[in-house]
Amino acid sequence: MDKVLFNLYLKGLFRICIFLLKIASIFDERFEKKISFYRYFKKKKKYKKIFLRLLHQPKMFIFNLPYDSKKLTKKIYNYEMLYLDNQKTNDGHKKVYQSKDDLNNRKEFSKITNYIEDFINKNISIYFENNKLKLIKMWIVITKNLGIMKKHSHFNSDFSGILYVKVDNHKNYKGGLKIHNVMQNIEIYTFSKHKNIFKKKINRKKSFIFKPKKNDLVIFNSYIEHSVVNKNSKIVDRISLPFDMVF
Ligand SMILES: [Fe+2]
């Protein structure tokens, strides 16, 4: 089945993949979860075959940035539209503020935008045959105590990421970024600063929670569905800067 789907996928026949998975899911519900993957490609502009090959394998990269985020935190709290331009009030998310997604075009956030873009291209373009990614959208997310964010993926971009600016370090805190691993084969590359190399692991669980530390930068295929869980959070504001990138 996987081989058939892969060949249809490479030919851009995503509708047929979805159709086959719908039939297969009558017999085994695990197939239904995989539909979201093909739906993303169906909605996207046409990819060349080389990109389809590159993107088929879900990947997640994890770094801890050597970045002093004090000034950045200040800029976020000084952002003139803070809490005024909330974009997600009707999306079913709870106690979550999300700013407009054009932060990358604002002068006060140009430093962090360029830093992230350069850092990612320097460190991971090797996995994409040296194709460079451009950051096209960035926004502020502030999650209040017990705020949650529903499952979603980011259409209209190739890779999405999150920089964690303020996190909950409380030891009993159970929240974090929930990754819905529908293909059950995500490759996780964690960068080790000391050794200057990536440690690679394959996660085959249906879903898992990534618990971020301050200054963690994660980047993953935009088709990967994710949500935010937040149990017994002790801090009032958790701040992150999500962003979208395209080739
Ligand atoms: Fe997201």
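We now examine the nonpolar core. Counting 49 residues, the largest nonpolar core has Met60, Met138, Ile140, Leu163, Val165, Val218 and Ile219 as the members making the most contacts within it. When residues of this core are assigned to their parent elements, the largest contribution, 5 residues, is made by strand β5 (residues 159–166).

Assignment of secondary structure puts glycine 12 in the loop between α1 (2–10) and α2 (14–27). According to the C-beta neighbour criterion, glycine 12 is partly exposed, with 16 such atoms within 10 Å. Expressed as a C-alpha distance, the spacing of glycine 12 and tyrosine 127, which sit 115 residues apart in the sequence, is 22 Å.

Direction vectors running N to C along α1 and helix α5 (residues 49–56) enclose 145°, while the axes themselves pass 9 Å from each other. Each of Phe6, Tyr9 and Leu10 in α1 lies in contact with α5, whose residues at this interface are Lys49, Leu52 and His56. Looking at the contact of α1 with α5 residue by residue, the class counts come to 4 nonpolar, 1 polar and 1 charged.

This brings us to helix α7 (residues 110–124). If you check α7, its first and last C-alpha atoms are 21 Å apart, about what 15 residues at 1.5 Å a residue would give, namely 21 Å. Buried residues of α7: Ile112, Ile116 and Ile120, and no others. Axial view of α7: buried residues confined to an arc of 60°, hence all on one face. Residues Ser110, Asn114, Asp118 and Lys122 are exposed on α7 and point more than 90 degrees away from its buried face. The inward-facing, buried residues of α7 contact α6 (70–77), β3 (134–138), β5, β10 (216–221) and β12 (238–246).

This part covers the domain arrangement of the chain. Assigned domains of the chain: these are domain 1 (2–56) and domain 2 (59–246). Opposite the 8 residues of domain 1 that make contact, domain 2 presents 9 residues. Mapped onto the side of domain 1 that touches domain 2, the elements with two or more residues apiece are α4 (35–43) and α5. Ranked by residues supplied to the side of domain 1 that touches domain 2, first place goes to α4 with 4 residues. Along the lines of polarity and charge, the residues of the side of domain 1 that touches domain 2 split into 4 nonpolar, 1 polar and 3 charged.

Calculation rules
- Residues numbered from 1 in each chain as written.
- Predicted model: local features only at pLDDT ≥ 70, side-chain atom pairs only at ≥ 80, totals over all residues.
- Core = buried A, V, L, I, M, F, W, Y, C linked by C-beta atoms within 7 Å.
- Buried ≥ 20, exposed ≤ 12 C-beta atoms within 10 Å, placed from the backbone.
- Helix = DSSP H or I, 4+ residues; strand = E, 2+ residues; numbered from the N terminus.
- Axes fitted to C-alpha atoms, helices over the stretch in contact; angles between N-to-C directions.
- Contact = placed C-beta atoms within 7 Å.
- Nonpolar A, V, L, I, M, F, W, Y, C, P; charged D, E, K, R; others polar.
- Expected span 1.5 Å × (residues − 1).
- Arc of directions from axis to C-beta.
- Domains from an automatic or database assignment.

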